[in-house]
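# Coordinate inspection notes
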Amino acid sequence: MTQTETRTGKYQCCMVMAGGGFRFGYYLGMYAAAVETHNKPDLLLASCGGSIAAAVIQALPDDAQRKAWISSPAMYQFLCGLQSTPKAAIGRSFIHAVKRRLTVKRATRIPDLFSDYFFDIPAELPLPPLQPQSIDPVAVAIIGGRILFSKAEIGQRRAGRKLFAETVFCNPRTAALLDGMRSPMSEPLWGDNAIAPQLLTDVHMPIGDAVRISISDMFYFRCHSHQASHYTGGVVDLFPIELANKLAQRVVMELKAPFNQATAIPAWRAVLGVDGNQRLRHVHRQHADVWIDSSDVESIFHKSGMQQKLSWPKNRLRLLMPTRYESYVEHVEAQWQYGYQRGLEAFGKPHANYKQHMRHATRYNKP
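Residues numbered from 1 in each chain as written. Predicted model: local features only at pLDDT ≥ 70, side-chain atom pairs only at ≥ 80, totals over all residues. Heavy atoms only, no water.

### Structural notes on the overall build of the protein
Check the secondary structure of the protein and you find 14 helices and 13 strands. Relative to its length of 367 residues, the protein is compact, with a C-alpha radius of gyration of 20 Å against a globular reference of 21 Å. Expressed as a percentage of its 367 residues, the buried residues of the protein come to 53%. Restricting the contact set of the protein to residue pairs at least 6 apart, pairs at least 24 apart contribute 80%. (Helix = DSSP H or I, 4+ residues; strand = E, 2+ residues; numbered from the N terminus. Rg over C-alpha atoms; globule rule 2.2 N^0.38 Å. Buried < 20%, exposed > 50% of the residue type's maximum accessible area, 1.4 Å probe, protein only. Contact = heavy atoms within 4.5 Å.)

Printed below as a string of structure tokens:
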């Protein structure tokens with residue numbers, strides 16, 4: 001392959017970091033396993049919490065520095081700084097969740113992503129600056145959604161209107177490869193969805209803003225504003241396997257657990273007009289060269305790290321971190337080891353055989 005083809009052709013290997021929330025430490029372990037087994041990706045395609053891991057991997061040259069960064073007091077203080085808003089009142093949260101669950105129609109009204117959210121995020125994300133590395137850093141592409149409505153239109157009937165444009169924040173090479181592609185989330189397969197057909201790319205967005213955009217989860221965190229535009233999170237295409245196959249010759253993807261049918265699925269339906277578990281099953285049926293089984297991550301870490309709790313004395317839904325910094329460091333190490341072991345397991349097993357043995361499979365997510 002010539003030098004020009006290397007700069008403009010498809011990437012050799014894309015690792016998708018799809019979601020993860022604030023358990024993003026396990027993606028660093030997955031990446032370490034890929035490197036150790038000679039499967040190092042040259043592109044990370046990230047959404048939601050995975051975008052934090054991708055930014056850290058790109059900026060720092062080795063596993064030790066990356067792990068140290070996400071284990072740092074600064075990262076711990078950032079996560080401890082996620083404070084509840086008045087919208088997270090227990091009674092209000094419960095009533096709105098019930099209403100969404102009882103509403104069968106998809107994205108009937110324009111949602112309030114500007115002020116109806118549970119948690120405030122500190123203004124500055126603790127991301128490392130890009131450092132000189134002995135070899136070219138891995139390329140990073142981050143998923144977000146450009147909001148196509150104004151604050152004045154909140155609450156109006158959608159009436160089939162498209163409310164979001166899937167946007168990939170990336171370098172010019174990645175943008176060129178995606179040129180002319182439709183958003184996979186806009187397809188009629190998903191019914192009367194709220195996502196526009198045109199896939200947008202942005203090669204100028206600062207990576208800190210791109211990450212902040214991608215973690216802007218509906219009803220949990222406020223949308224992010226940059227210059228004259230507003231953006232919501234990577235949930236607009238949380239499992240971008242079609243983009244990965246468009247961008248790279250080989251794709252590394254996760255097998256994911258299903259979404260909660262009582263809370264998450266109604267939220268997807270109300271805002272995006274898409275059934276998240278239908279989308280997940282569709283993704284699991286597509287081609288990836290390596291599938292990493294992280295379907296049991298919730299059951300393994302549900303009693304450690306950041307937890308969602310009801311604080312009755314304060315009448316708030318809260319995000320609680322370990323009270324001791326040392327406990328947080330131990331949790332990060334456990335995340336890293338989980339991703340590392342799952343990665344070694346996946347890279348060492350044939351794709352066809354491995355995919356049949358998802359650790360946590362239900363009728364909502366199995367291929």
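Past the structure itself, the notes keep going.
### A word on helix α10 (residues 264–271)
Most of α10 sits inside the fold, with 6 of its 8 residues counted as buried. Residues of α10 that are buried: Ile265, Pro266, Ala267, Trp268, Arg269 and Val271. Buried residues along α10 sit in contact with α6 (90–102), β6 (164–169) and α11 (276–284). Looking one or two places after α10, you find Gly273, whose phi comes out positive at around 75 degrees.

### Describing the pattern of salt bridges
Taken as a whole and judged by the stated rule, the model has 15 salt bridges. The closest approach of N and O atoms between Asp63 and Arg66, which form a salt bridge, is 3.4 Å. Residue Asp63 and its partner Arg66 are located together in helix α4 (residues 63–70), separated by 3 residues, close to a single helical turn. The partner of Arg92 in a salt bridge is Asp116, with the nearest N and O atoms 2.9 Å apart. Remark: Asp116 occurs in the loop between α6 and β4 (119–120) and Arg92 occurs in helix α6; sequence separation between them is 24 residues. You can call Arg92 partly exposed: its relative accessible area is 22%. Several salt bridges converge on common partners, so that one network encompasses Asp293, Asp296, Arg342, Glu345 and Arg359. (Salt bridge = Lys/Arg side-chain N within 4 Å of Asp/Glu carboxyl O.)

### Details of the confidence of the model for the protein
Summary statistics for the protein give a mean pLDDT of 89 and a share of 93% for residues scoring 70 or more. Taken together, the stretch residues 1–6 has pLDDT below 50 and engages in 4 contacts with residues farther than four places along the chain or on a different chain. (pLDDT = per-residue confidence, 0-100.)

### Re the packing of aromatic side chains
Summed over all chains, the structure comprises 17 aromatic pairs. Plain terms: the ring middles of Phe114 and Phe149 are 6.3 Å apart, the flat faces sit at 85 degrees to each other, and that makes the pair edge-to-face. Taken together, the positions of Phe114 in the loop between α6 and β4 and Phe149 in the loop between β5 (139–147) and β6 put the pair 35 residues apart, joining distant regions of the chain. Take Phe114 and Phe149: they sit in the same class, and that class is buried. Seen in terms of ring centroids, Phe259 and Trp268 are 5.0 Å apart; in terms of plane orientation they differ by 50 degrees. Their pairing is tilted. Side by side, Phe259 and Trp268 carry an identical accessibility label, which is buried. Of note, Lys67 hangs over the ring of Trp336, and the distance from its end group to the ring centre comes to 4.0 Å. (Phe/Tyr/Trp six-rings, centres within 6.5 Å; stacked < 30°, edge-to-face > 60°. Lys NZ or Arg CZ within 6 Å of the ring centre and 35° of its normal.)

### Details of the pairing of strand β10 (residues 248–255)
The element β10 is extensively covered by neighbouring structure, given that 6 of its 8 residues are classed as buried. Alignment of strand β1 (residues 11–18) against β10, held across 4 bridges, turns out to be parallel. When the bridges of β10 are listed, Tyr11 appears paired with Ala248. The sheet contact formed by β10 and strand β11 (residues 290–293) spans 4 bridges and is parallel. (Pairing = 2+ DSSP bridges.)

### Some details on the nonpolar core
Inside soluble globular proteins, nonpolar side chains tend to come together where they are buried. Formed by 60 residues in total, the largest nonpolar core has its most connected members in Met15, Met17, Phe22, Phe24, Leu44 and Leu79. Element by element, the count of residues in this core is highest for helix α2 (residues 25–36), at 8 residues. Ignoring any residue separated from it by four or fewer positions in sequence, one finds Met17 in contact with Tyr27, Tyr31, Leu44, Leu45, Ala46, Ser47, Gly50, Ala53, Ala54, Ile57 and Glu254. Within the second largest apolar cluster, 56 residues are counted, among which are Ala107, Leu163, Leu178 and Ala194. (Core = buried A, V, L, I, M, F, W, Y, C linked by side-chain atoms within 4.5 Å.)

### What about the packing of α4 against helix α13 (residues 325–347)?
Two elements in contact, α4 and α13, have axes whose closest approach is 10 Å; the angle formed by their N-to-C orientations is 135 degrees. The angle between α4 and α13 falls in the class oblique. In this structure, the crossing between α4 and α13 has a hand that is right-handed. Taking contact as the criterion, the partners of Asp63, Lys67 and Ile70 in α4 are, on α13, Tyr328, Val332, Glu333 and Trp336. (Axes fitted to C-alpha atoms, helices over the stretch in contact; angles between N-to-C directions. Parallel < 35°, antiparallel > 145°, perpendicular 65-115°, else oblique. Left-handed = near helix turned anticlockwise from the far one by under 90°.)

### Quick word on the pairing of β1
In terms of burial, β1 is largely enclosed, as 7 of its 8 residues are buried. Where β1 lies against strand β2 (residues 43–47), 5 bridges are found, and the strand directions are parallel. Following the sheet pairing, Met15 is matched in β2 by Leu44. Chirality of the crossover, the property in question, places the unit of β1, α2 and β2 among those that are right-handed. (Right-handed = clockwise from strand over helix to strand, strands pointing away.)

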